[in-house]
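Here's the letter readout for the chains.
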Amino acid sequence: MQLSHDFEEIGGVAVSAGGVLVAVADHESAAAGCFGYTNVEITVHTGAEGDEIASLRLHDLSLDEMAFAPSGETLAIVARRGIGGFGGPAATLALLDPRTGASHAFDIEPPSGYGGLRLSVAKTAVVVGVFPDGKVFLRKLPSGEPLATFSDPSFTAMALSEDGSTLALGTKDGRIRLRGLPDGRVVGELASPSGAPKSLRFRGERIISEVEGGQIWGVPVSGAPPVRLGQVRPGARFVGVASDGQVVDVLRKEEVATVAQGPRSFTLPRSYPLHADVVAALSPEGDRVVAARSSRVFLRRPGDLTADGITLGPHLAIPAFGVGPLADGAVLLGARWDDGTARIWNVRTGQPIVLENGPLPRLSSLAIHEKGAVATVDQGGTAILWDRQGTTLKPRHALRTNSPATVVTFDGSGDRILVGTRRGEMVIAESSTGKTRRVVRTGSKPVLSIKMMGEKTAWVEVAWDREWNQMLMVDLETGKQKPDEEKGTIGLLGGDPNAPTESWGTAKPRLRLDCWDAVCRLSEEDASRGGDSIRLLARFGVLDRPGAVFVMTDDGRVDTLGTTSADFFTCREDGKTYPLAHCPDAVETPGLLGRTLDAACAQGAAFCPR
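Quick caveat: nothing in here was measured; it's all calculated off a predicted structure. In this numbering scheme, every chain counts its residues from 1 along its sequence in written order. Reporting of local features is limited, given that this is a predicted model, to residues whose pLDDT is at least 70; pairs of side-chain atoms are given and counted only at 80 or more, and all residues count toward the totals for whole chains, interfaces and linings. Excluding hydrogens and water, the side-chain figures rest on all heavy atoms present in the structure.

Undergrad: How should I be thinking about the overall build of the chain in this particular structure?
TA: Of regular secondary structure, the chain possesses 2 helices and 51 strands. The buried share of the chain, reckoned over its 610 residues, is 53%. Per-residue and other accessible areas follow the Shrake-Rupley method at a 1.4 Å probe size, with only the shown protein chains counted as cover for residues. Accessible surface, the chain as shown: approximately 27000 Å² in total, 50% of it carbon and sulfur. Secondary structure elements follow DSSP: runs of H or I no shorter than four residues count as helices, runs of E no shorter than two count as strands, and numbering proceeds from the N terminus. With a 1.4 Å probe rolled over the protein chains alone, any residue whose accessible area is under 20% of its type maximum counts as buried; one over 50% counts as exposed, and the rest are partly exposed.

Undergrad: What is the right way to read the sheet that holds strand β41 (residues 447–452) from this model?
TA: Across a sheet, paired strands are connected by hydrogen bonds in the backbone, their directions being either parallel or antiparallel. Should DSSP find at least two bridges between two strands, the strands are taken to pair. Pairing within the open sheet is antiparallel, and its 3 strands lie in the order β41-β42-β43. Of all strands in the sheet, those with a lone pairing partner are β41 and β43 (469–475), marking the two edges. On average, each strand axis in the sheet is tilted by 20° relative to the strand beside it, whichever way the strands run. Comment: axis = line fitted to C-alpha atoms, over the contacting stretch for helices; angle = value between 0 and 180 degrees taken between N-to-C directions.

Undergrad: Help me understand the nonpolar core, please; the structure alone is not making it clear to me.
TA: Where a protein is soluble and globular, its nonpolar side chains tend to be buried together. In this structure, Ile42, Val44, Leu58, Met66, Leu75 and Ile77 are the most contacted members of the largest nonpolar core, which totals 20 residues. Going through the elements one at a time, β2 (21–32), β3 (35–46), β4 (52–58), β5 (62–68), β6 (75–81) and β7 (90–96) are the ones with two or more residues in this core. Counting residues per element, this core draws most heavily on β4, at 4 residues. What makes a nonpolar core is a set of buried Ala, Val, Leu, Ile, Met, Phe, Trp, Tyr and Cys residues whose side-chain atoms join them at distances within 4.5 Å.

Undergrad: Can you walk me through unusual backbone geometry in this structure?
TA: Backbone phi values are negative for most residues with the exception of glycine, while trans is the configuration of most peptide bonds. A cis amide bond links Phe131 with the next residue in sequence, Pro132, at an omega value of 10°. With an omega of 5°, the peptide bond running from Leu141 to Pro142 counts as cis. By the secondary structure assignment, Pro142 is in the loop between β11 (135–140) and β12 (146–151). In this structure, Asp60 is a non-glycine residue whose phi angle is positive, near 55°. Summarising the element assignment, Asp60 is placed in the loop between β4 and β5. Here the phi dihedral of Ser194 falls at roughly 65°; this positive angle occurs in a residue that is not glycine. With relative accessibility at 44%, the residue Ser194 sits in the partly exposed group.

Undergrad: Whenever I open this one, the pairing of strand β21 (residues 237–241) confuses me. Can you help?
TA: Residues in a regular strand project their side chains so that they alternate between the two faces of the sheet. β21 sits mainly inside the fold: 4 of its 5 residues count as buried. With 4 bridges connecting them, β21 and strand β22 (residues 247–253) associate as antiparallel partners. Bridged to Phe238 within β22 is Asp249.

Structure follows, in structure tokens:
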């Protein structure tokens, strides 16, 4: 069953003609003694819905490049293990059929030193280049049968024509040699403007040549004068030339990553780690670009990089979170996705928590306190505190702010609610009355997040400039930054600095609902057990599509939490995708977590009422 596209560290992407298929290479690194190793998992997804249709796992290897054959019937992958890997250098060419999931792998000669592998795929052949060694290996598709080998230390780049009839080889002396295939005889030679090619690719009747300094040239195969197509941004990596003739490149500068097509650009959302690299690829005809950073993949049309397209990877804006059991026995799970969709469920019964007049609106922030209070900020910037009555939320207070709200959270006791604003203020209000107790200025930039660190201290993240955010540690009682209360004082606009604050926290056993991306853990925490204070009760998953969450246990039982199964839930069998009703190992069990809790209580769990 597909939980989500839960990537860890994306190292490469590829896209077939028209964006029909997207391939993602996800790296998983680990260590064994003094040796480090990396596994790479290749998954192929449909470009329309993002459904996974095929996968391949390569052990103890890192991706160099991958590319689809022009019609998408084969995905070619080259990966290697470097000189520091266990067992020494190694390299592999893998060929994957996305339609059937069948694959073949072939050992190839690894590059010497810290060299790399290049790849070019045609309808009937694939060529692998080993640089700077200058060795080029030609194999037949889809069988992988060897066809020819060319070796010359002067080779710097290579490319296959779309029909596989011509191999172009760039050389250090600034030439592009054309060889007819399969015999390999030289059929022509072209001049590479401005020096030796760094990369080559065919586009119709011309060769796209990238040279030192970031210049991109179109070199006609006919021998006509070359045409300069554009320039790669300083420090950027060349991706390709779009169908409209504009140069597409990708650049990461500090924490900001962008894909540019001529004067237009698309900024990839911030990711963690903040300095995660970015990778991108262009479809063969130049009509689709796929870019990825950290754990998320974006497929876009180059003509409008900001337009809607599919996104693979975590859609959750924040990890799902939960509280409970509450006084009425409810255990609440909250989730908010990138598009603003927000949902709250009582996972004990499987029922959604909604407003009196319908589901929650699109939100920019959602908070649930362990006492059961709910606070939201809608996309218009209105902060509201809600009371839950069964499965219904009723408004308690609309919280007043001097500018639109951006984020909301509770302090540890639940007696105070903290609201960040677009103008750089943090409003501290009483939960019971909604009355403002204090307004703290954090500057003029928007407050992005607020997190409690202990009973009386909040971490406030403030937008600082395009590339950096500032973290402030604020004492909620004085409004000053910690640890030095004599420096960095934040202006107070009102409130009593000596106002009493109820202590919070308890040593009583409690239930914990912790989520990270698409995986949640239901645990019992009992401090009386000493070092072994947390006991795992159950694991379950969050479906990473806006509005859908489900509980799934290891034995195949599933609770779709009031969501229509056919809308979101699928399973895969024999390489095909089916609705949940066709999943033989998935049994829908409403109230699944409630049953888990009842079973835990029957076994004497400490958090259960006596």
